[in-house]
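# Commentary on secondary and tertiary structure
Listed below are the residues making up each chain.
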Amino acid sequence: MVVRLWDERMLILPTTYFTERPFQNWSRHEARVVGKVQIHVDHTADLDDLRTEAQRLVESSPLWDRSRWVLQMVDATASSVVIEVQATAADGASAWDLRCDLREGLIGYIRDNHPQWLPRTRSEYKP
């Protein structure tokens, strides 16, 4: 089977690839796509503040299809929490660009306004 990628390249896959693995329809102009961005932040990060900034970034983007978006904490480790922003776009190419813009915008916001929210390594010294 020949699959046309979002950047106009062609990928040739055996048909068994689609019967053995789950896949997502990224039709170029027909199917809405959910773009997902994950960012690791420190446990002290204020999710409501990040949600407000994510909302500003998503709503100001012409790539967002105005359908839905969400920011959630999707994982926690000993050193960080993982936040995920999901936003819909009209097609795969728009979703890719929207994801890149959201990632860049959120990292820049954290770096410039709340550098203490960037993941860090902690150690405890006990004499």
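Residues numbered from 1 in each chain as written. Predicted model: local features only at pLDDT ≥ 70, side-chain atom pairs only at ≥ 80, totals over all residues. Heavy atoms only, no water.

## Some words on unusual backbone geometry
Residues other than glycine seldom take positive phi values, yet Arg66 does so here, at roughly 70°. Examined against the element boundaries, Arg66 turns out to sit in strand 4 (residues 64-76). (Helix = DSSP H or I, 4+ residues; strand = E, 2+ residues; numbered from the N terminus.)

## A short note on helix 3 (residues 92-113)
For helix 3, with 22 residues, the first-to-last C-alpha span of 31 Å sits near the 32 Å given by 1.5 Å per residue. Among all positions in helix 3, only Gly92, Ala93, Ser94, Ala95, Leu98, Leu102, Gly105, Leu106, Gly108, Tyr109 and Ile110 are buried. Against the buried residues of helix 3 lie strand 3 (33-41), helix 2 (47-59), strand 4 and strand 5 (81-89). Its side-chain oxygen placed 3.3 Å from the backbone nitrogen of Ala93, Asp91 serves as the N-cap of helix 3. (Expected span 1.5 Å × (residues − 1). Buried < 20%, exposed > 50% of the residue type's maximum accessible area, 1.4 Å probe, protein only. Contact = heavy atoms within 4.5 Å. Polar contact = N/O pair within 3.5 Å; in protein donor to acceptor, adjacent residues only side chain to side chain.)

## Examining the pattern of salt bridges
Applying the stated criterion across every chain, the model contains four salt bridges. In this structure, Arg51 engages Asp48 in a salt bridge whose closest nitrogen and oxygen atoms are separated by 3.1 Å. Of the two residues, Arg51 and Asp48 are both situated in helix 2; the distance of three residues between them amounts to about one turn of the helix. Judged by its relative accessible area of 28%, Arg51 falls in the partly exposed class. A salt bridge links Glu53 to Arg56; the shortest N-O distance between them is 2.7 Å. Linking Glu53 with Arg56, this pair stays in helix 2, spanning three residues, or about one helical turn. According to the relative accessible area criterion, Glu53 is buried, its value standing at 10%. (Salt bridge = Lys/Arg side-chain N within 4 Å of Asp/Glu carboxyl O.)

## Observations concerning helix 2
Here helix 2 is 13 residues long and its end C-alpha atoms lie 18 Å apart, about the 18 Å a rise of 1.5 Å per residue gives. Taken together, the buried positions of helix 2 are Leu47, Leu50, Glu53, Ala54, Leu57 and Val58. Along the axis of helix 2, the buried positions cluster into a sector of 135°, meaning they face one direction only. In helix 2, the exposed positions angled more than 90 degrees off the buried face are occupied by Asp48 and Thr52. (Arc of directions from axis to C-beta.)

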